[in-house]
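# Remarks on the overall topology
This is what each chain is made of:
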Amino acid sequence: MNRMKLKYNKMKIKASKFYNRLQSIPDGSSESEWSDDEDLYTPLLPQDRCVVSDTDDDIPTNGDYLVIPASDDEIASEDEDDVPLSVRLSRLVSNKSKKAKEPKPVWLEENYITNPETITFTGDTTLPENILSLTDPYQFFSFLFPSTLIQYITDQTNIYASQISPNKLPNICAKEIEQFIGICLKMSVCKLPSVRHHWGNLGTPSIYNVMSVNRFEEIKRFIHFNDNSKLPERNNADYDKLYKVRLLCEQILNIIRSIPKEEHLAVDEQIIPTKSRTSLKQYNPKKPHKWGYKVFVLSGVSGFCYDFDIFAGAQSNIIPDSCPNMSVLLD
């Protein structure tokens, strides 16, 4: 039997038989005489039913038995369940204090050397006259979605409709595209269980009085922003995951980038929630909406978006040649 097995081996004997064999120690005896005196104990007999086992499962249930540890090491390794909570707490605190805590890096202002002249805001925040003249919501909408952009969406939608259903063209006009975008904005504010709930007597009058549900579903089926026939193959170096909305985003970016920026800006990521099945959908458990499109947004303290970039995976991690590398500089 190896050493480890001997360490945890236990001998079990009935307590009454064990204590009945003990004899009184004579008066005036020294400690050395106790271990040498063979009359102080009686050897165990085979009929005493001694049981030797590695576990406590072999202890008979009829009668009380005394468990004798095989070594003193086993006594020291007592079960955690038998240790009082106060002792276990003191051990836990002492073990934590022994562990060396790693120092956390702290940024100090004295290590960041700057020139006040280089960080002084010198931009012009004065808005142009064409923006200051905007008063009602439709004028703001027309500024962000001008007639040229509406006409571009109309043309691309009709091109896609002719590719899908050449025998029955929907003949969508620019006015209907404006109404379709307005209805989508209205639905995002007045939410109902489904899209079709907005039509009918209990629906939204500003929606069902503008467009029928069948026409809305038809436009939603064919709405497009780029020609699919010119889409590069996936193995092509020019393949773009955002090809179908790339030209639309560029036209919108040209409009919002023309607005003078504020002094205080911030860059952060934003999740556009979606349940669609697409490779562009990202998962972030720390966001209120965990699944959606991740967009990097440059916003001002007023909340206005001055620039954005839709994250498209590995192709978005490439640094353009015109942009400086802002990563950590290594020696």
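Residues numbered from 1 in each chain as written. Predicted model: local features only at pLDDT ≥ 70, side-chain atom pairs only at ≥ 80, totals over all residues. Heavy atoms only, no water.

## Some words on the nonpolar core
Just so we agree on the cut-off: In this description, a nonpolar core means a group of buried Ala, Val, Leu, Ile, Met, Phe, Trp, Tyr and Cys residues linked to one another through side-chain atoms lying within 4.5 Å. Exposure categories follow from relative accessible area, calculated using a 1.4 Å probe and restricted to protein chains: below 20% of the type maximum is buried, above 50% is exposed, and the middle band is partly exposed. Any two residues whose heavy atoms approach within 4.5 Å are treated as being in contact.
The biggest cluster of nonpolar side chains holds 30 residues, and the ones touching the most others in it are I153, I177, F216 and F308. In contact with F308, not counting residues within four places along its chain, are C249, I252, L253, I256, V295, F296 and V297. Core analysis: the second largest hydrophobic core is formed by seven residues, F143, I255, I259 and Y306 among them.

## As for the side chain of T274
Counted only if it meets this: A helix here means a DSSP run of H or I that spans at least four residues, while a strand means a run of E at least two residues long, and both kinds are numbered starting from the N terminus. In protein, a polar contact means a hydrogen-donor-capable atom and an acceptor-capable atom, both N or O and within 3.5 Å, with residues adjacent in sequence counting only if both atoms are side-chain atoms; elsewhere, any N or O pair within 3.5 Å suffices.
The residue T274 is located in the loop between β4 (265-273) and β5 (281-283) in this model. A polar contact of 2.9 Å, which involves the side chain of T274, links it to the side chain of S276. Not counting chain neighbours up to four residues away, the residues in contact with T274 comprise K281, W291, G292 and Y293.

## Focus on the pattern of salt bridges
Pairing between side chains of opposite charge can happen when the charged atoms of each approach one another. For clarity, the threshold we go by: Only one rule defines a salt bridge in this text: a Lys or Arg side-chain nitrogen within 4 Å of an Asp or Glu carboxyl oxygen.
Summed over the entire model, instances satisfying the criterion amount to six salt bridges. Across the pair R257 and D307 runs a salt bridge, and its minimum N-O distance is 3.1 Å. Taken together, the positions of R257 in the loop between α12 (243-256) and β4 and D307 in strand β7 (residues 305-310) put the pair 50 residues apart, joining distant regions of the chain. Overall, D307 belongs to the partly exposed group, its relative accessible area being 21%. Each of E176, R215 and E218 takes part in salt bridges that share partners, so that together they form one network.

## Side note on the pairing of β7
Here is the rule: Two strands qualify as a pair provided DSSP detects at least 2 bridges between them.
Strand direction decides the pairing type here: strand β6 (residues 291-300) and β7, joined by five bridges, are antiparallel. Paired with V297 across the strands is F308, a residue of β7. A loop of four residues connects β6 with β7, the two strands running antiparallel in sequence, and G303 in this loop sits at a positive phi of about 95°.

## Regarding the confidence of the model for the protein
For clarity, the threshold we go by: pLDDT is a per-residue confidence score from the predictor, ranging from 0 to 100.
Of the residues in the protein, 68% have a pLDDT of 70 or more, and the chain-wide mean is 77. Of the regions scoring below 50 in pLDDT, residues 1-10 engages in 23 contacts with residues more than four places distant in sequence or in other chains. Scored below 50 in pLDDT, residues 31-41 makes twelve contacts in the model with residues more than four places away or belonging to other chains.

## Side note on the packing of helix α8 (residues 147-164) against helix α9 (residues 174-189)
Put simply, the rule reads: Axis angles are defined between N-to-C directions and span 0 to 180 degrees, where every axis is a line fitted to C-alpha atoms and, for a helix, only to the segment in contact. Throughout, the term roughly parallel applies to angles under 35 degrees, roughly antiparallel to angles over 145, roughly perpendicular to angles from 65 to 115, and oblique to all others. Throughout, the ten residues Ala, Val, Leu, Ile, Met, Phe, Trp, Tyr, Cys and Pro are labelled nonpolar, Asp, Glu, Lys and Arg are labelled charged, and all others, Gly among them, are labelled polar.
One can describe the packing of α8 onto α9 by two numbers: an axis separation of 9 Å at closest approach and a directional angle of 105°. Classed by the angle they form, the pair α8 and α9 counts as roughly perpendicular. On the side of α8, the interface is formed by I150, Q151, I153, T154 and T157, while α9 contributes A174, I177, E178 and I181. Of the residues belonging to the contact of α8 with α9, the class tally is five nonpolar, three polar and one charged.

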